[in-house]
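# Understanding the architecture of this molecule
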Amino acid sequence: MVLASLPEELAQRWTPGTRRFRVGLIGCGRIARQHATSLSAHPAVEIVAVCDVSTAARDQLGARYGVPDAMRFAEYGDLLARAQPDVVHVCTWPDTHAEITAAAAERGIHVYCEKPIALDLQQADAMIAACRRAGVVLGINHHRRGDSRFIRARQLLQEGAIGDLRMLRAEHGGGGRRLMSMSAHLYDLYRYLAGDVAWVNGLVLTNGREATPDDVVDLQYEGLAAGDEVAAQFGFASGAYGFHDGLGHVDVEVVGTRGRMHFWEGGAVRRPWPFGEVRAIWSHATRGAEGGRAAPGAAPWEPLDGVPETELSETQHAHGRSIDRFLRAVDGEGQPLCRGEDGRASIEMAMGLYASHFSGRRVPLPLTPPEHPLASLRRPDTPVKPYVPPAGGAS
Ligand SMILES: NC(=O)c1ccc[n+]([C@@H]2O[C@H](COP(=O)([O-])OP(=O)(O)OC[C@H]3O[C@@H](n4cnc5c(N)ncnc54)[C@H](O)[C@@H]3O)[C@@H](O)[C@H]2O)c1
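Below: a short report on this structure. Predicted, not measured: the structure shown is a model, and the values here were computed from it. (Residues numbered from 1 in each chain as written. Predicted model: local features only at pLDDT ≥ 70, side-chain atom pairs only at ≥ 80, totals over all residues.)

## Concerning unusual backbone geometry
For the bond from Leu 365 to Pro 366, the omega torsion is 5 degrees, close enough to zero to count as cis. Considering the arrangement of structural elements, one finds Pro 366 in the loop between β18 (363-364) and β19 (384-385). Each neighbour pair has its own omega, and for Thr 368 with Pro 369 the value is -5 degrees, a cis peptide bond. Its place among the elements puts Pro 369 in the loop between β18 and β19. Unlike most non-glycine residues, Asn 207 shows phi in positive territory, near 50 degrees. The exposure class assigned to Asn 207 is exposed, which follows from the 9 C-beta atoms found within 10 Å. Despite not being glycine, Tyr 221 shows a phi value in the positive range, around 75 degrees. Here Tyr 221 shows up in the loop between β10 (216-219) and β11 (223-226). (Helix = DSSP H or I, 4+ residues; strand = E, 2+ residues; numbered from the N terminus. Buried ≥ 20, exposed ≤ 12 C-beta atoms within 10 Å, placed from the backbone.)

## Remarks on the site of the ligand
Near the ligand lie 26 residues; those nearest to it are Gly 27, Gly 29, Arg 30, Ile 31 and Glu 114. Take the shell around the ligand: its biggest share by element is three residues, from helix α2 (residues 30-40). Its residues assigned to classes, the shell around the ligand comprises 13 nonpolar, nine polar and four charged. (Near = placed C-beta within 6 Å. Nonpolar A, V, L, I, M, F, W, Y, C, P; charged D, E, K, R; others polar.)

## A short note on helix α4 (residues 76-83)
All of the buried residues along α4 are Tyr 76, Leu 79, Leu 80 and Ala 83. Buried positions in α4, seen along its axis, are confined to an arc of 105 degrees and lie on one side of it. Residues of α4 that are buried make contact with β1 (21-26), β2 (45-51), β3 (72-73) and α5 (97-106). Directly beyond the C-terminal end of α4, a positive phi value near 45 degrees is found at Gln 84. (Arc of directions from axis to C-beta. Contact = placed C-beta atoms within 7 Å.)

Below, the structure written as structure tokens:
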């Protein structure tokens, strides 16, 4: 069976004349442009207001989507009070997510927030609690949950198509600002495919040597970080395990007792990718031994079946589907694909990794104590590194 494509799903769910959601965008930078692309293609959405501390950013996005001058704001509080949207998308820097989410929830406005959910677990807990108290939906944009390749992979795992899931392995440049900000995507994907994590064993490197407390930095807008590369092992509650090493870009291998799957997103390490433009492949080892390892080469690699052709090699659909499922949840149907609790769990994995490296031990999750492990290592002279916008590309 082939999954429905996003346009088909939207047409089936949102018949013309159904409820329209008045949406405000807070933060009009790089990722907001992707949100706006998806929102403007959604049949039940109207972009009614934009907000950015940068006049140029809010005017550019506002003009593009026909938002009148009076609905372009410099202060998010003004957007919440004057536009009174049903939903806000929080697309600002991570240090503002908690404050903006709480303010929106207090006004009964549903929140779709960019990753990472927040700078630490206390902030994430406050966001989750504020939304629960107000009875509004909180969704986090770990958009790989909306990617039909991973939706199909999860289905196949649940059907036992590659036997029992034993191992996840991924390359993703991690450490420093990338760990919380971007590897959290990978960790969310790990949880999506393999469930909750029971422990983490991690190594953090700086310039190829083990990171020390001297390597802790305070990143403007993005919080505490250390190192520029990681090597980590995660143990899942199911008994499966996962590896993450610090090169490439979300190149993921999923290994079961009777087959494997491979996903590629343009990583440096595995280039040249030998499978053309198709970015998801799998192999069902029909002759794999029961309870043992899949016999190597037992079956050839094939494009992942059941994924709409249009979604096999592009990612915008993943944002659109994640946003749509969030709106369905606002409309009373189910939960967002990635809830606040899931966003919290992904940064907890990153913090567990730091805790493991700096304690020299395997660290059980939930993280105890829940404080950011780098907070106690920060010194009065810990440098604050100015924000550097990421250099384009996927995240
Ligand atoms: N899901 C993804 O694939 C993905 C990709 C890129 C970025 N992100 C996340 O999105 C968020 C934004 O990243 P970006 O790359 O778009 O950054 P960006 O710098 O391009 O844009 C952020 C915008 O927010 C504005 N802003 C900051 N604080 C504000 C405030 N208090 N009120 C109003 N506007 C404010 C800035 O002026 C800027 O225009 C981050 O959390 C980042 O991790 C997610």
